[in-house]
Amino acid sequence: MLLVLKHLEPMLAALRQHAVTAWKSGLRGRTFHAVFVFALLLLTAAWLAAAFSARQPQAVALDVGLSGIRISMTFLALIWVQELVGREIERRTVFLVLAYPMPRAAYILGRYLGILLLAAAAILLLGVILLAVIQISAWGYQYPHALKLGWPYWATIVGFFVDIAVVSAFTLAVATVSSSAIFPLIAGAGFSLACRMLGPVLDYLSRGAEGDKELVRHFDPLVSTIRWLIPDLDRLDLRLWPMFGTSPVPDAFLVSVAMASCYAALMLLLAVHAFNRRQFV
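Before going into details, it helps to say that this report is about the structure given with it. (Residues numbered from 1 in each chain as written. Predicted model: local features only at pLDDT ≥ 70, side-chain atom pairs only at ≥ 80, totals over all residues. Heavy atoms only, no water.)

Moving on, we come to the side chain of Ser178. By secondary structure assignment, the location of Ser178 is in the loop between helix H6 (151-177) and helix H7 (182-206). The contact partners of Ser178, leaving out residues within four places of it in the chain, are Ile89, Phe183, Pro184 and Arg278. (Helix = DSSP H or I, 4+ residues; strand = E, 2+ residues; numbered from the N terminus. Contact = heavy atoms within 4.5 Å.)

Take a look at the structure:
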């Protein structure tokens, strides 16, 4: 065991170095600051939406705020991958990294770990801010049930984090084979939208599409095939639990997290494989 750890020590040191570099670069980026301000504006919109709500303003603030966190965190993850990996490949500054005697996998995995650390810090901060927004959004209204802002709320935030981890892994895999820095951003956004719409579309088709048999006949085989190619990230959205107390089935949620994690791991393996085989000229 000690011999194995001794051989892995250079790899772990390189991975840690790339993660720290990604952390510092991500925090310094102007785009990060712009998107984070956008996230704060979305949370302000949640407070305003609660002010104009005729019933349960805190529930409205929670719903709109969670949507704002999910949208803004997706943008942040895509931008981090673009700036920390895609843009370095496009500008050939990655040559400076590859000149060091370290495995290429350390670069990919280190950057991904740094992006996850940035995402964890950002989503934690936004989650705390949203809690404060909810507390000042009551506006004197009385409603039949209290929001569950303990474990149910933070379980929802964790679900969003897993969602972001999958989107980041896919975008990173695209960045390792793309020659354009903007293409991974577009592909990641499309992937994120498709994964989050997959569950509602499957549910709509399974219910008969409101009697439209022609629609079911044309799209059901296609969607049934797509479900085996991309994960259903809609299952990681647990907002009904803190809003209405509708807790998820534990086994189903754990299976969803496991499937999403395995998909992210597969994307990372593909990213490492593609980056190892890529010829930079």
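What follows concerns the nonpolar core. A general tendency of soluble globular proteins is for nonpolar side chains to be buried together. In this structure, Ile69, Met73, Trp80 and Leu130 are the most contacted members of the largest nonpolar core, which totals 74 residues. Those elements that place two or more of their residues in this core are helix H2 (30-51), helix H3 (57-90), helix H4 (94-98), helix H5 (104-135), H6, H7 and helix H10 (250-277). Residue contacts for Trp80: discarding those within four places in its chain leaves Gly26, Phe32, Val85, Ile115, Leu118, Ala119 and Ala122. (Core = buried A, V, L, I, M, F, W, Y, C linked by side-chain atoms within 4.5 Å. Buried < 20%, exposed > 50% of the residue type's maximum accessible area, 1.4 Å probe, protein only.)

By volume, the largest pocket amounts to about 350 Å³. Along the wall of the largest pocket there are 15 residues; nearest its centre are Arg227, Ile230, Pro231, Asp232 and Met259. Of all the elements in the fold, those that place two or more residues in the lining of the largest pocket are H7 and H10. For the lining of the largest pocket, the leading source of residues is H10, giving five residues. (1 Å grid on protein atoms, 1.4 Å probe; cavity = no way out; pocket = protein on both sides within 12 Å on 5 of 7 lines; lining within 4 Å. Points joined across faces, edges and corners; volume = space filled by probe spheres on them.)

Turning next to the packing of H5 against H10. Put simply, H5 and H10 touch, their axes get as near as 9 Å, and they point 140° apart. With respect to H10, the element H5 is oriented oblique. Note on packing geometry: the crossing formed by H5 with H10 is right-handed. Contacts between H5 and H10 involve Arg104, Ala105, Tyr107, Ile108, Leu109 and Tyr112 on the former and, on the latter, Ala264, Leu268, Ala271, Val272, Phe275 and Asn276. Broken down by class, the residue content of the contact of H5 with H10 amounts to 10 nonpolar, one polar and one charged. (Axes fitted to C-alpha atoms, helices over the stretch in contact; angles between N-to-C directions. Parallel < 35°, antiparallel > 145°, perpendicular 65-115°, else oblique. Left-handed = near helix turned anticlockwise from the far one by under 90°. Nonpolar A, V, L, I, M, F, W, Y, C, P; charged D, E, K, R; others polar.)

With that out of the way, let us pick up H3. Taking 1.5 Å of rise per residue, the 34 residues of H3 would be expected to cover 50 Å, and the 47 Å separating its terminal C-alpha atoms lies within 8% of that figure. Along its length, H3 shows its largest kink, about 35°, at Gln82. The buried count for H3 comes to 25 of 34 residues, which makes it a mostly enclosed element. Phi for Arg92, located one or two positions after H3, is positive at around 65°. (Expected span 1.5 Å × (residues − 1). Bend = angle between axes of the 7 residues up to and from the residue.)

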